[in-house]
Amino acid sequence: MAAIPLWAQAGFWGFISGFALVIGAGIAWFFAVPQRLIAAIMAFGSGVLISALSFELMDEAYKTGGFDSTAVGFLGGAAIYTLAGWVLTRSGGKHRKRSNGRQPSEDEESGSGMAIAIGALLDGIPESIVIGLSMLHGGAVSVVAVIAIFLSNIPEGLSSAAGMKRAGRSARYVFGVWGGIALASGLAALAGYTLFQNFSPDVVAATTAIAAGAILAMLVDTMIPEAFEETHNFAGLVTVAGFLAAFVLSKLGG
């Protein structure tokens, strides 16, 4: 992809990682996936993201801007996500990643459809920005980050779409939400590359850590509870398997 501008490459890889959400939604919509299997895939995706934010995001942030920028950004990202999640919870978006019928329908809770869509967007944007930021040094995307985000997005889309379908939402709504987020992911990655080129290393490091903090908060608030609820004693083992898979990728990529 040497002839393609770097900003276009950033947008492309952001879109590809986001499109995994559409793939997951398609699987949930057209196939009857067992509840326990969905939860196991969520656990695996959680492990993948935990590994990626540990060995890719936080490590890169520390190397770029040191401990202070990384720590402030990491805590700030978690705080921002938690506050936004609290607001969405009060609007009907609490169970946006749940597949087991907990998502409210629009009749049960007016405005919940919009809250779920905004929540899904909130979950996906930090990951995509990181893809653009990874291209600031050397002009090459972090393949490990793209693969890790892609692998984790499939169970996110799968579980959320299964819950949307059970809540009676239409195919147009479900695929409109995930298709829109895939496009937004591409734009977020493009923004991560273009907007931060002239910023100091401290700002880039803090932004990377903000994304890492938001991702970890999202995992604890949404994906891990869904995984544990159905898999119980096996949730830890499957999560560790996902962590190991991403860890191996990071070492092979390095």
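Residues numbered from 1 in each chain as written. Predicted model: local features only at pLDDT ≥ 70, side-chain atom pairs only at ≥ 80, totals over all residues. Heavy atoms only, no water.

Looking at an unreviewed UniProt entry, one finds the protein chain named ZIP family zinc transporter, with Mixta hanseatica as its source organism.

(A) A look at the packing of helix 1 (residues 6-30) against helix 5 (residues 171-194). Between helix 1 and helix 5, whose axes approach to 7 Å, the crossing angle comes to 160°. Taken together, the axes of helix 1 and helix 5 are roughly antiparallel relative to one another. Between helix 1 and helix 5 lies a crossing whose hand is right-handed. (Axes fitted to C-alpha atoms, helices over the stretch in contact; angles between N-to-C directions. Helix = DSSP H or I, 4+ residues; strand = E, 2+ residues; numbered from the N terminus. Parallel < 35°, antiparallel > 145°, perpendicular 65-115°, else oblique. Left-handed = near helix turned anticlockwise from the far one by under 90°.)

(B) The UniProt feature "transmembrane region" (unreviewed entry) in the protein chain, seen in detail. Following the UniProt record, the feature "transmembrane region" (unreviewed entry) maps to residues 12-31, 37-58, 70-88, 129-152, 173-196, 202-220 and 232-250 here. This span, residues 37-58, is 100% helix and 0% strand, and a straight line between its end C-alpha atoms measures 30 Å. As annotated, residues 70-88 has a helix share of 100% and a strand share of 0%, and its two end C-alpha atoms lie 27 Å apart. (UniProt positions renumbered as here; feature names shortened; annotations may be inferred.)

(C) Looking closely at the pattern of salt bridges. If you walk through the whole model with that rule in mind, you get one salt bridge. Across the pair K63 and D59 runs a salt bridge, and its minimum N-O distance is 3.2 Å. Of this pair, K63 and D59 both sit in helix 2 (residues 35-89), four residues apart, which is roughly one turn of that helix. The exposure class of D59 is partly exposed, given its relative accessible area of 33%. (Salt bridge = Lys/Arg side-chain N within 4 Å of Asp/Glu carboxyl O. Buried < 20%, exposed > 50% of the residue type's maximum accessible area, 1.4 Å probe, protein only.)

(D) Fine view of the packing of aromatic side chains. With the rule as written, the count across this model stands at seven aromatic pairs. With a centroid separation of 6.2 Å and 75° between ring planes, the pair formed by W29 and F175 is classed as edge-to-face. In this pair, W29 is assigned in helix 1 and F175 in helix 5, connecting sequence segments 146 residues apart. Across the ring face of W29, the terminal group of K165 is positioned such that the distance to the ring centre comes to 5.2 Å. (Phe/Tyr/Trp six-rings, centres within 6.5 Å; stacked < 30°, edge-to-face > 60°. Lys NZ or Arg CZ within 6 Å of the ring centre and 35° of its normal.)

(E) Molecular detail of the confidence of the model for the protein chain. For the protein chain, per-residue confidence averages 82 on the pLDDT scale, and residues scoring 70 or more make up 86% of the total. The weakest mean pLDDT in the protein chain belongs to helix 3 (residues 112-133) at 75; the strongest belongs to helix 1 at 92. (pLDDT = per-residue confidence, 0-100.)

(F) Spatial organisation of the environment of L57. For L57, the location among the structural elements is in helix 2. Classification of L57 as buried rests on a relative accessible area of 8%. Along the primary structure L57 and T208 are separated by 151 residues, whereas in three dimensions their C-alpha atoms are 6.2 Å apart. Residues in contact with L57, not counting those within four places in the same chain, are A52, V130, T208, A212 and I215. (Contact = heavy atoms within 4.5 Å.)

(G) Spotlight on helix 5. In this model, helix 5 (24 residues) spans 34 Å end to end at C-alpha, consistent with the 34 Å of a helix rising 1.5 Å per residue. Buried within helix 5 are the following residues: V174, V177, W178, I181, A182, A184, S185, G186, A188, A189, G192 and Y193. (Expected span 1.5 Å × (residues − 1).)

(H) How the structure looks around the nonpolar core. With 37 residues, the main nonpolar core has V174, W178 and L219 as its most contacted residues. Contributing elements (two or more residues each) for this core: helix 1, helix 2, helix 3, helix 4 (143-166), helix 5 and helix 6 (201-231). When residues in this core are grouped by element, the largest group, eleven residues, is from helix 6. Residues within four places of L219 in sequence aside, it is in contact with S46, L49, I50, L53, I224 and P225. M135, V146, A189 and Y193 belong to the second-largest nonpolar core, a separate cluster that totals eight residues. (Core = buried A, V, L, I, M, F, W, Y, C linked by side-chain atoms within 4.5 Å.)

(I) Local environment of the side chain of S152. Mapping S152 onto the fold places it in helix 4. Under the relative-accessibility criterion, S152 is labelled buried at 0%. Among the polar contacts made by the side chain of S152, one reaches the main-chain carbonyl oxygen of I149 at a distance of 3.0 Å. In this view, S152 contacts G45, L49 and M223; residues no more than four positions away in its chain are not counted. (Polar contact = N/O pair within 3.5 Å; in protein donor to acceptor, adjacent residues only side chain to side chain.)

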